[in-house]
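The primary structure of each chain is shown beneath.
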Amino acid sequence: MHRSVPRLSRILACAAVPVMLVVAGCSSDSGDKKESGSSESSASPSASKKAEPTVEPAKFAALPDPCKSITKKTVTSLVPSAKSKNGTAAKSSDITSRAGCSWNGLDDNGVKGSQYRWLDVGFTRFESDQALGSGAKRAQQDFAKQVDKAKATEGAKKVVEAPAAGIGDQASTIAYDLSKTGEDFKYVTVVTRTENVVITLTYNGAGYAGAKTPSAGDIMKGAEKAAKEAVAAVAAGTDSGDKSGSATPDEKATDKADDPKSSDGKTDDGKSDDTKKSTDKKKTSAHKSTVKTAG
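Everything in this summary refers to the structure shown in the same document. (Residues numbered from 1 in each chain as written. Predicted model: local features only at pLDDT ≥ 70, side-chain atom pairs only at ≥ 80, totals over all residues. Heavy atoms only, no water.)

**Here we look at the side chain of R117**
Basically, it comes down to this: Note on conventions: DSSP H or I runs of at least 4 residues are helices, E runs of at least 2 residues are strands, and numbering of each starts at the N terminus. Relative accessibility thresholds used throughout: buried, under 20% of the residue-type maximum; exposed, over 50%; partly exposed, between the two (1.4 Å probe, protein chains only). His residues and chain termini do not enter the charge count, which takes Lys and Arg as positive and Asp and Glu as negative. Think of a salt bridge as a Lys or Arg side-chain nitrogen and an Asp or Glu carboxyl oxygen that are within 4 Å of each other. Counting of polar contacts relies on pairs of N or O atoms within 3.5 Å, with two restrictions inside protein: one atom must be capable of donating a hydrogen and the other of accepting it, and residues adjacent in sequence are counted only when both atoms are side-chain atoms. Whether two residues are in contact is decided by their heavy atoms, any of which lying within 4.5 Å being enough.
Along the polypeptide, R117 turns up in strand β3 (residues 114–125). There is no salt bridge for the buried R117, and the closest opposite charge comes from D218, which lies 6.7 Å off by N-O distance. Polar contacts involving the side chain of R117 include one to the side chain of Q115, which spans 2.8 Å. Residues contacting R117, with those up to four places away along its chain left out, are L78, V79, P80, W103, N104, G105, Y203, N204, G205, A206, P214 and I219.

**Topic: the sheet that holds strand β2 (residues 98–108)**
The test is simple: Strands were regarded as paired on the criterion that DSSP finds at least two bridges between them. All axes are obtained by fitting lines to C-alpha atoms, using only the stretch in contact for helices, and the reported angles, taken between N-to-C directions, cover 0 to 180 degrees.
Here seven strands make up an open sheet; going across it, the order is β1-β2-β3-β7-β6-β5-β4 and the pairing antiparallel. In this open sheet, the two edge strands, each paired with only one partner strand, are β1 (88–89) and β4 (157–163). Relative to strand β7 (residues 197–208), strand β6 (residues 183–194) runs antiparallel, the two being bridged by nine bridges. Paired with T194 across the two strands is V197, which belongs to β7. Lying over the sheet, helix α5 (residues 216–236) contacts β3, β5 (170–180), β6 and β7, oriented at roughly 150° with respect to β7.

**Focus: the pattern of salt bridges**
Close approach of charged atoms allows side chains with opposite charge to pair. Evaluated as defined, the whole model comprises five salt bridges. D169 is the partner of R193 in a salt bridge, and the nearest nitrogen-oxygen pair spans 3.9 Å. Of this pair, R193 sits in strand β6 while D169 is found in the loop between β4 and β5, placing the two residues 24 residues apart along the sequence. In this structure D169 comes out as partly exposed when scored by relative accessible area, which is 45%.

Below you can see the structure in the form of structure tokens.
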């Protein structure tokens, strides 16, 4: 009997070991699973992934009609004898991103000589791009390139660059002399940026057959005036002052004062208003055909 008691104690002790191990194993597994679950939760894609910075969207999504970006009044003033008052549009594969227009003409003053003038305007619009930056930033980069390009004009003499205030968000004028066709030309290029659009406007002139060369001041003044109108046209999203063919208040007042209609609905030539309208319509159609052929 004395021998059986210790043996029984040893058997019970050994039998208890597996139970303790199992309990310990269960506790360990539970902890591992909890920790694993916590780790997986903290490492989830939504929590660990950092949001990429977004690029500011471009302000202007389109360009105005370049040939209407300068008012006809200004075109007539700067290019008195323009071959086409409507201008000649530059070729472009995408007019929403790149567009331009030009006017030129020779004002013949007989024995007093002739004055030649050239005006052109070009627009370049930049979209915002995640890799390249915002449209405004890209436009700033192009602005600098266009200024350098104007300063490097082949054959240019007495090149002077200066900042211009009151024209877009930033602007520079590049004035220079250039000899061609045996005459001395005065040139001014205005490079300006408004948000994500860069405008490059050039105005130049020369005197022919003994006529005086235009003054640098007059060319500069004309170029800056036209550049301001081009900037305004971008902001308006259309032409400047010629929206949908509508006249300005001053032009409307002039038209009304010159209206030959009488209060009885007849014109001063005695014809009824309907008859006059029919005749005017035919004349307008013929005139447009002539302008199109000349341009």
